Amino acid sequence: AMLSEVGLLKKFWGDATLHAANIINRVLTRALKDNITPFKAFTGDKPSVSHLRIFRCKAFVHVPDECHQKFDAKSIKYKLHTNL
């Protein structure tokens, strides 16, 4: 569902699965005692969600120093091509 929602190719299913599992492990569940997250049940620590981003958010690619001049941008916006 995540892949079709953002229009990505099926070859990215592994990344989508890891992203979904990461979210599921950090969300409360009634399956565990005391209504805690699977992450807390496993580690004992409260999970952080500050690192989570929207699936397929904007990305920038670093341009190596030898490929740009002094006042050129050090990164460029990444564009996903659908023919990957």
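Residues numbered from 1 in each chain as written. Predicted model: local features only at pLDDT ≥ 70, side-chain atom pairs only at ≥ 80, totals over all residues. Heavy atoms only, no water.

In the nomenclature of an unreviewed UniProt entry, the protein is known as Copia protein of Suillus placidus.

Draft legend 1. Region of interest: the overall build of the protein. Scanning the protein for helices and strands turns up 3 helices and 2 strands. For the protein, the sequential pattern of α-helices and β-strands runs α-α-α-β-β. Each of the 84 residues in the protein was classed as buried or not, and the buried ones make up 13%. Accessible surface, the protein: about 7,400 Å² in total, of which carbon and sulfur atoms supply 59%. (Helix = DSSP H or I, 4+ residues; strand = E, 2+ residues; numbered from the N terminus. Buried < 20%, exposed > 50% of the residue type's maximum accessible area, 1.4 Å probe, protein only. Areas by Shrake-Rupley, 256 points an atom, 1.4 Å probe, with all protein chains shown as cover.)

Draft legend 2. Broad picture of a nonpolar patch on the surface. Taken together, Ile23, Val27 and Leu28 make up a surface patch of nonpolar side chains, about 250 Å² in accessible area. In this structure, leucine 28 sits in the loop between α2 (13–24) and α3 (38–43). Taking relative accessible area as the criterion, leucine 28 reaches 56% and is therefore assigned exposed. (Patch = residues over 30% accessible without salt bridge, like charges linked within 9 Å, V, L, I, M, F, W, Y side chains within 5 Å. Salt bridge = Lys/Arg side-chain N within 4 Å of Asp/Glu carboxyl O.)

Draft legend 3. Structural detail: unusual backbone geometry. Within the chain, aspartate 34 stands out as a residue other than glycine whose phi angle is a positive 60°. On the secondary structure map, aspartate 34 appears in the loop between α2 and α3. Backbone geometry places asparagine 35, a non-glycine residue, at a positive phi of 55°.

Draft legend 4. Broad picture of the side chain of threonine 37. Along the chain, threonine 37 turns up in the loop between α2 and α3. Within the structure, the side chain of threonine 37 is placed 3.0 Å from the backbone nitrogen of lysine 40, a separation counted as a polar contact. Those residues in contact with threonine 37 that sit more than four places away from it in its chain are Asn25, Arg26, Val27, Leu28, Leu32 and Pro47. (Polar contact = N/O pair within 3.5 Å; in protein donor to acceptor, adjacent residues only side chain to side chain. Contact = heavy atoms within 4.5 Å.)

Draft legend 5. Representation of the environment of phenylalanine 42 in the model. The residue phenylalanine 42 is located in helix α3 in this model. With 17 residues separating them along the chain, phenylalanine 42 and asparagine 25 place their C-alpha atoms 9.7 Å apart.

Draft legend 6. Inspection of the confidence of the model for the protein at higher detail. Averaged over all residues, the pLDDT of the protein is 81; the fraction at 70 or higher stands at 89%. Averaged pLDDT values over the elements of the protein bottom out at 73 in helix α1 (residues 2–6) and peak at 90 in α3. (pLDDT = per-residue confidence, 0-100.)

Draft legend 7. Broad picture of the environment of serine 48. Looking at the secondary structure, you find serine 48 in the loop between α3 and β1 (60–62). On the basis of relative accessible area, serine 48 is assigned to the partly exposed category, the value being 39%. Separated by 22 residues in sequence, serine 48 and arginine 26 place their C-alpha atoms 7.7 Å apart.

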